[in-house]
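Architecture and fold: a report
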Amino acid sequence: MRRSLAVVLVLLLAACGLSRPASLDASGADTFEGDVRTARELTEAFWKQQFSTLGRTYRPVADFVPYSGTSGPSCGGEPSVPNNAFYCPAGHFIAYDQDWMESLWTEMGDGSVYLIIPHEFGHSVQAQLRAGFELNVQAELQADCYAGGTLASLVNAGALRVEPGDEDELFRNLEAAGDPTDDWLNPSAHGTAEQRQQAFTNGVQGGVAAC
Ligand SMILES: [Zn+2]
């Protein structure tokens, strides 16, 4: 599993003829805030184009809310919790604990931001494509797959760049922080780390249409 993504990313790397320094984004954003902004902008631009191809109109999230600890917005009456990022279907917004995400960015590299944000946007896409959106294992794995498809497309387009070693970083992040939203360490509730890595890999290999 681990190796298959590594191979995919190395192939993408080879195809693009890219080699580069540490950060994933091609614009060279090297700050946490810069990576968050880039990840959001690239992901929404990607989905806008995908929807357009299908003759549909992508609806951007209504808000994108950083918070600290327990100060986050509630969603449908549920308070937000520390160390989390989530999509709220009731308000069609994404919120994230910026202290937590910045600590991941610092400790694990910018891949954390480029996984978590596309994953949460994946949920916002699910909410637009199907009625009765709810979170479950299937939705989580599809969001992981969407994240893989989004990243692969952005790499192909030259907006993001990967280098040897990035695949390990991405997998570590997927394992540790892919989606803590709903106690994802509980394997029965949200899929095992292996399932999530496989879902992500499926997206990398087949694009979001394969999700
Ligand atoms: Zn999720």
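Residues numbered from 1 in each chain as written. Predicted model: local features only at pLDDT ≥ 70, side-chain atom pairs only at ≥ 80, totals over all residues. Heavy atoms only, no water.

**A word on the sheet that holds strand β1 (residues 63-67)**
Keep this limit in mind: For two strands to pair, DSSP has to find at least two bridges joining them. A helix here means a DSSP run of H or I that spans at least four residues, while a strand means a run of E at least two residues long, and both kinds are numbered starting from the N terminus. Note on geometry: axes are lines fitted to C-alpha atoms, helical ones only across the stretch in contact, with angles between N-to-C directions running from 0 to 180 degrees. Residue contacts follow a heavy-atom distance rule, with two residues in contact if any of their heavy atoms lie within 4.5 Å.
Reading across from one edge, β1-β3-β2 is the order of the three strands in this open sheet, with mixed pairing throughout. Two strands bound the open sheet, and with one partner strand each, they are β1 and β2 (85-88). Each strand axis lies, on average, 15 degrees off the axis of its neighbour in the sheet, ignoring direction. When β2 meets strand β3 (residues 93-97), the two strands line up antiparallel, connected through four bridges. Paired with Y87 across the strands is I94, a residue of β3. Lying over the sheet, helix α4 (residues 111-129) contacts β1, β2 and β3, oriented at roughly 15 degrees with respect to β2.

**Remarks on the packing of aromatic side chains**
Let me state the cut-off plainly: Within 6.5 Å between ring centres, the rings of Phe, Tyr and Trp (the latter by its six-membered ring) count as paired, and their orientation is classed by plane angle as stacked under 30 degrees, edge-to-face over 60, tilted in between. Only protein chains enter the accessibility calculation, which uses a 1.4 Å probe; a residue is then buried when its area is under 20% of its type maximum, exposed when over 50%, and partly exposed in between.
Taken as a whole and judged by the stated rule, the model has 10 aromatic pairs. Centre to centre, the rings of F32 and W105 are 6.1 Å apart; their planes meet at 70 degrees, and the pair counts as edge-to-face. Of the two residues, F32 is situated in helix α2 (residues 32-53) and W105 in helix α3 (residues 98-108); the sequence distance between them amounts to 73 residues. Assigned by exposure class, F32 and W105 land together as buried. Ring centres 5.7 Å apart and planes at 80 degrees place the aromatic pair Y87 and F133 in the edge-to-face group. Separated by 46 residues along the polypeptide, Y87 in strand β2 and F133 in the loop between α4 and α5 (137-156) bring together distant segments of the chain.

**Some words on the environment of Y67**
Selection rule: Polar contact is the term for a pair of N or O atoms within 3.5 Å; when the atoms are in protein, one must be able to donate a hydrogen and the other to accept it, and sequence-neighboring residues count only if both atoms are side-chain atoms.
Examined against the element boundaries, Y67 turns out to sit in strand β1. In the structure, Y67 is positioned 14 residues away from V81 in sequence and 9.8 Å away in space, judged by C-alpha atoms. Here Y67 is in contact with G72, P73, S80, V81, N84, F86, A95, Y96, D97, Q98 and D99, once residues within four sequence places are set aside. Here the side chain of Y67 touches V81 through a polar contact of 2.7 Å, landing on its backbone oxygen. At a separation of 3.4 Å, a polar atom in the side chain of Y67 contacts the main-chain carbonyl oxygen of N84.

**Remarks on the state of the cysteines**
Put simply, the rule reads: The disulfide definition used here is simple: a pair of cysteine sulfur atoms within 2.5 Å.
This model, assessed by the stated rule, comprises two disulfides. Here C145 pairs with C211 through a disulfide, and the sulfurs are 2.1 Å apart. One disulfide, between C145 and C211, carries an S-S torsion of -85 degrees and so falls in the left-handed class. Note that C145 is positioned in helix α5 and C211 in the segment after α8 (193-206), a separation of 66 residues in sequence. Bonded cysteines in the chain are paired 1-2, 3-4 when counted in the order they occur along the chain.

**Here's the deal with the packing of α5 against α8**
Packed helix pairs are characterised by how far apart their axes lie and by the angle those axes make with each other. To keep things clear, this is the line we draw: In this scheme, roughly parallel covers angles under 35 degrees and roughly antiparallel covers those over 145, while 65 to 115 is roughly perpendicular and the rest are oblique. Rotating anticlockwise by less than a right angle from the far helix to the near helix defines a left-handed crossing, while the corresponding clockwise rotation defines a right-handed one. Residues are grouped as follows: Ala, Val, Leu, Ile, Met, Phe, Trp, Tyr, Cys and Pro are nonpolar; Asp, Glu, Lys and Arg are charged; all remaining types, including Gly, are polar.
Relative orientation of the contacting elements α5 and α8 amounts to 40 degrees, with a least axis distance of 6 Å. Judged on the interaxial angle alone, α8 and α5 are oblique. In the crossing of α5 with α8, the sense of the turn from one axis to the other is right-handed. Taking contact as the criterion, the partners of E140, L141, D144, C145, A147, G148, G149, L151 and A152 in α5 are, on α8, Q195, R196, A199, F200, N202, G203 and V204. Residues of the contact of α5 with α8, tallied by class, amount to eight nonpolar, five polar and three charged.

**What to know about the pattern of salt bridges**
This is how it is decided: For this analysis, a salt bridge means a side-chain nitrogen from Lys or Arg found within 4 Å of a carboxyl oxygen belonging to Asp or Glu.
Evaluated as defined, the whole model comprises three salt bridges. Its salt-bridge partner being E140, residue R196 comes within 3.8 Å of it at the nearest N-O pair. Placement of R196 in helix α8 and of E140 in helix α5 is noted, with a sequence separation of 56 residues between them. For the pair formed by R196 and E140, the shared burial category is buried. As a salt-bridge pair, R196 and D144 come within 2.6 Å of each other at their nearest N and O atoms.

**Structural notes on the environment of R40**
Along the chain, R40 turns up in helix α2. In the structure, R40 is positioned 74 residues away from Y114 in sequence and 8.8 Å away in space, judged by C-alpha atoms. Contact partners of R40, with chain neighbours within four places excluded, come to V61, F64, I117 and F121.

Don't take any of this as a statement about function, it's just geometry.
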